[in-house]
Amino acid sequence: MVDNREGVNHGHITGQDGSYLADFLMSKGYEVHGIIRRASTFNTSRIDHLYGDPHDQKVRLRLHYGDLSDGEQISNVIYNIGPDEIYHLGAQSHVNVSFEIPEYTANVTAIGVLRVLQSMRGKGGSMRFYQASSSEMFGVSPPPQNEETPFRPRSPYAISKVFGYEMAKHYREAYHLFSSNGILFNHESPRRGETFVTRKITRAVAGILSSRQKLLYLGNLDAKRDWGYAPEYVEAMWKMLQLGEPVDLVVGTGEAHTVREFVERTFSYAGLEHTDYVKIDSRYFRPTETGELVADTSKAKKILKWSPKVRFEELVKIMVDADMRKAGLQPPGEGDEILRKKFVNPWWRVD
Ligand code: G4F
């Protein structure tokens, strides 16, 4: 059994999901260990509010240098900490970039999973493992997609994620590890990386309003995605590791919208006419695109008792308010109001 108060988390912690998960686990009393990659610039802005002086014995967040391409280091960290739960969120996670650097993507996003699983197996014990699997694995399988839908991946990233998914299952079946796959559809927030399309759009609106940006260049506006609010997805990850048995579950909103709709809603919320600012640049089109991705979350609803509260238009408002504030502007405030109403005591730091 996992003792949540003593529980230890291990994962790439500097990304959107890692930082929210650290917020969440620490709010539950966990001691959290995160792996960060060495960089010459600071890359910890999303977790700075959680981090204290490591000399202080009471500090419950510890960071370790490591890289998913370095199996020995991963193994050392797992061996030395002996975590109760491992949330494997690290990856080269940008789909378009994976076409440019397929070998690196496969090394980190695919083989990285194997390195962690092998280290867990070597350490022994009853650790629980969460694999961040992705809706991208469904590729061109028609919507809605659920746990039975075949994978038809369309990028080096998605193919690498299928490898990770299968490995997580394989270690469960062959070695009886508690290993679960969360097949998450797109999930966004003010902490989303700036090159993913939603954040690129909401930041552009703030940039245009503050005269720091003139135009927004995008690729395929007809792409359809199922977009949810990231903090809610992090709770689903945790719930999966608290179940009696390991499972594979689809997590999403069940509602899909085009990139064009995201653009229209974002610009109109900020009082701008998108046709004045949005241009198409072919470099943002992918050599192969996925089809329409829409989650069928019946199984997660039943098993996890999880369903998302934030809908598409609300997500847009939450993200625009945050980016306007970051740009020193006064936001319309509807997004802030939605958060106040839906989450009385949020466990995360609201950006
Ligand atoms: O925001 P995106 O880059 O996200 P994508 O490719 O759906 O992948 C994200 O979600 C997955 C599912 O959770 C994760 F596995 C993955 O790691 C990542 O977090 O692109 C969304 C859509 C695509 O269809 C893309 O073609 O937006 C379209 N798009 C149009 N113009 C653009 C742009 N995407 C980006 N990044 N930049 C553009 O200018």
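Notes on the structure follow.

Scoring rules and cut-offs
- Residues numbered from 1 in each chain as written.
- Predicted model: local features only at pLDDT ≥ 70, side-chain atom pairs only at ≥ 80, totals over all residues.
- Helix = DSSP H or I, 4+ residues; strand = E, 2+ residues; numbered from the N terminus.
- Rg over C-alpha atoms; globule rule 2.2 N^0.38 Å.
- Buried ≥ 20, exposed ≤ 12 C-beta atoms within 10 Å, placed from the backbone.
- Contact = placed C-beta atoms within 7 Å.
- Axes fitted to C-alpha atoms, helices over the stretch in contact; angles between N-to-C directions.
- Parallel < 35°, antiparallel > 145°, perpendicular 65-115°, else oblique.
- Left-handed = near helix turned anticlockwise from the far one by under 90°.
- Nonpolar A, V, L, I, M, F, W, Y, C, P; charged D, E, K, R; others polar.
- Pairing = 2+ DSSP bridges.
- Expected span 1.5 Å × (residues − 1).

## Focus: the overall build of the chain
Now for step 1: When helices and strands are tallied, the chain shows eleven helices and 13 strands.
Now for step 2: For the chain, whose C-alpha radius of gyration is 20 Å, the value lies close to the compact-globule estimate of 20 Å for 351 residues.
Now for step 3: Dimensions of the chain, computed from the C-alpha atoms along their principal axes, are close to 60 × 45 × 40 Å.
Now for step 4: A buried classification covers 45% of the 351 residues belonging to the chain.
Now for step 5: Counted over contacts in the chain with a minimum sequence separation of 6, partners at least 24 positions apart contribute 78%.

## What to know about the packing of helix H8 (residues 259-269) against helix H10 (residues 312-326)
Now for step 1: Here H8 crosses H10 at 50 degrees, and the two axes come no closer than 10 Å. When the axis of H8 is compared with that of H10, the two are oblique. With respect to the hand of their crossing, H8 and H10 are arranged in right-handed fashion. Between H8 and H10, the residues in contact are Phe262, Arg265, Thr266 and Tyr269 and Glu313, Val316, Lys317 and Val320, respectively.
Now for step 2: Its residues placed into classes, the contact of H8 with H10 shows four nonpolar, one polar and three charged.

## Describing unusual backbone geometry
Now for step 1: Here the amide bond leading from Pro143 into Pro144 is cis, since omega sits at -10 degrees, within 30 degrees of zero.
Now for step 2: Tracing the backbone shows Pro144 in the loop between strand S5 (128-134) and helix H5 (156-175).

## Some words on the sheet that holds S5
Pairing between the strands of a sheet comes from backbone hydrogen bonds, and it takes one of two forms, parallel or antiparallel.
Now for step 1: Read across the open sheet, the four strands follow the order S4-S5-S6-S11; overall the sheet is parallel. Whereas interior strands pair on both sides, the edge strands pair on one side only; in this sheet they are strand S4 (85-88) and strand S11 (248-251). Across this sheet, the average inter-strand angle for adjacent strands is 20 degrees, counted without regard to direction.
Now for step 2: Relative to strand S6 (residues 178-184), S5 runs parallel, the two being bridged by seven bridges.

## So, helix H6 (residues 197-209)
Now for step 1: Its 13 residues give H6 an end-to-end C-alpha distance of 19 Å, which sits within 8% of 18 Å, the value for a rise of 1.5 Å per residue.
Now for step 2: Looking only at H6, the buried set comprises Val197, Thr198, Arg199, Ile201, Thr202, Arg203, Ala204, Val205 and Ala206.

## A look at the pairing of S6
Now for step 1: Most of S6 sits inside the fold, with seven of its seven residues counted as buried.
Now for step 2: Alternating residues of S6 divide into Phe178, Ser180, Gly182 and Leu184 and Ser179, Asn181 and Ile183, and every residue in both groups is buried.
Now for step 3: Inspection of the sheet shows S6 paired to S11 by four bridges, in the parallel sense. Residue pairing across strands places Leu184 opposite Val251, the latter belonging to S11.

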